[in-house]
Each structure stands twice: as C-alpha cells, then as structure tokens.
Amino acid sequence: MRRIDARLTLMQVKPADDQAMLRALACAKESALHGEIPVGSVLLSKSGEILAESGNQNESSFDPTGHAEISVIRAAAANLKSARLDGCTLVVTLEPCPMCAGAAMQARIARLVFGADNKDYGAVGSKFDVVRDSRLPHQMEVVANVRADEAKKLLDEFFANKR
C-alpha cells in the first residue's frame, strides 16, 4: 500500500485537530495506568466540539472490541441518538486497525486524524487502506502523523516496561 505523504497531510491539520490529539494523548496515558495499551481517541462534531473521548478498555472490560475508537463512536452515536456521525472527525493516537476503520466507515465519519503508524494492524495505509478504498460506498479524509512522535513514545515506553 502507498503511504500518505506526511508533508501533504500536515497542511490539512486544523487547530481543533491538534487540541483533540492532545486530549487523545491524555486518554492514552490514562488507559496505560490501568494496564491498557496506550491508545486514546476523541470524536469531534462538525463544529469541532468534543462529543466523546476514551482510551483503550480491552483488558479492563474483557472485551476485544474495547478499542478507544469503538468506545468514542458508541458514546457519540448514543449522545446524538444516531448511528450516522456525518461530518464528524475521529482523532486517534494510533492508526486504526481494520475493525476500527470499518466502524468509522459504518458511522460515516467524514475525517480521520491519527498520530503514529500501526505497522502491525494499520488499516489506513500501513497494511490496508480501508477508509479510502474506492470499492466501498464511503471514503474519508485522512490526516496522518499528528503528534506522531508523542504517540509512538507512549507506545514504546509501555511495551519496554512490559518486557
């Protein structure tokens, strides 16, 4: 798969994206304190306000679908009383996996902003490119590498301490 050119994507970063990524990083740090892989996510409305935020909850909830992205999509949809999150932006510290990318597509999220690449499971260009696959009825705008070094550092420290 062809990777996203970081120079192009950085031009598209909005101030609300950066602020939301800071919140997502805080959620990731919090989840690490509970033994979770430090991934955080925030879902923004069309106007840029935070609809939901979460860190990973797989281990604490004994739920393999307890990814940060799934949690914020569920919470925002419940809040808005709609399964469609048209115009919303999903901000996540790590490139989403196929499950999370698929959930974002099903919710019709308009934009995806992520930090670090996910070399193992990435579904936004690293391994697959689910969110921009022209064979699917919906594609989304992608902004990659936002505060990627900070997100990667959190993950590297977490896994170094696990070994």
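All figures in this text were calculated on a predicted structure; none of them were measured in a lab.

Between two packed helices, both the angle of their axes relative to each other and the distance between the axes serve to describe the pair. Helix α6 (residues 148-162) packs onto helix α2 (residues 15-33) with a crossing angle of 5° between their chain directions and a minimal axis gap of 11 Å. Taken together, the axes of α2 and α6 lie roughly parallel to each other. Counted together, Leu25, Ala28, Lys29 and Ala32 of α2 and Glu150, Ala151, Leu154 and Phe158 of α6 form the full contact between these two elements. The residue makeup of the contact of α2 with α6, split by class, is six nonpolar, no polar and two charged.

Looking now at the side chain of glutamate 36. Mapping glutamate 36 onto the fold places it in the loop between α2 and β1 (40-44). Despite its burial, glutamate 36 pairs with no opposite charge, the nearest such side chain being lysine 162 at 8.9 Å. Side-chain polar atoms of glutamate 36 contact the backbone nitrogen of asparagine 58, separated by 3.1 Å. Apart from the residues within four sequence positions on either side, glutamate 36 is in contact with Ser31, Asn56, Gln57, Asn58, Glu59, Ser60 and Phe158.

Let's shift gears to unusual backbone geometry. Excluding glycine, residues mostly have negative phi values, and the peptide bonds linking residues are mostly trans. One non-glycine residue, lysine 81, lies in positive phi territory at about 55°. One non-glycine residue with positive phi stands out, namely arginine 147, at about 55°. Relative to the assigned elements, arginine 147 resides in the loop between β5 (141-143) and α6. Taking relative accessible area as the criterion, arginine 147 reaches 28% and is therefore assigned partly exposed.

Quick look at α2 now. With 19 residues, α2 should reach 27 Å at 1.5 Å per residue; the first-to-last C-alpha distance of 28 Å fits that figure. Of all the residues in α2, the buried ones are Asp17, Ala20, Met21, Ala24, Leu25, Cys27, Ala28 and Ser31. Along the long axis of α2, the arc covered by the buried residues comes to 165°, so they all point the same way. Relative to its buried face, α2 has exposed residues pointing more than 90 degrees away, namely Pro15 and Leu33. Along its buried surface, α2 packs onto β1, β2 (50-55), β3 (89-94), β4 (111-116) and α6. Phi turns positive, to about 80°, at glycine 35, one or two residues after α2.

Before going further, it helps to examine the pairing of β2. Pairing of β1 with β2, which is carried by five bridges, proceeds in the antiparallel orientation. Paired with leucine 44 across the bridge in β2 is isoleucine 50. Joining the antiparallel neighbours β1 and β2 is a turn of five residues, in which glycine 48 adopts a positive phi near 95°.

Reading the values: the criteria
Residues numbered from 1 in each chain as written. Predicted model: local features only at pLDDT ≥ 70, side-chain atom pairs only at ≥ 80, totals over all residues. Heavy atoms only, no water. Axes fitted to C-alpha atoms, helices over the stretch in contact; angles between N-to-C directions. Helix = DSSP H or I, 4+ residues; strand = E, 2+ residues; numbered from the N terminus. Parallel < 35°, antiparallel > 145°, perpendicular 65-115°, else oblique. Contact = heavy atoms within 4.5 Å. Nonpolar A, V, L, I, M, F, W, Y, C, P; charged D, E, K, R; others polar. Buried < 20%, exposed > 50% of the residue type's maximum accessible area, 1.4 Å probe, protein only. Lys, Arg positive; Asp, Glu negative; His and termini not counted. Salt bridge = Lys/Arg side-chain N within 4 Å of Asp/Glu carboxyl O. Polar contact = N/O pair within 3.5 Å; in protein donor to acceptor, adjacent residues only side chain to side chain. Expected span 1.5 Å × (residues − 1). Arc of directions from axis to C-beta. Pairing = 2+ DSSP bridges.

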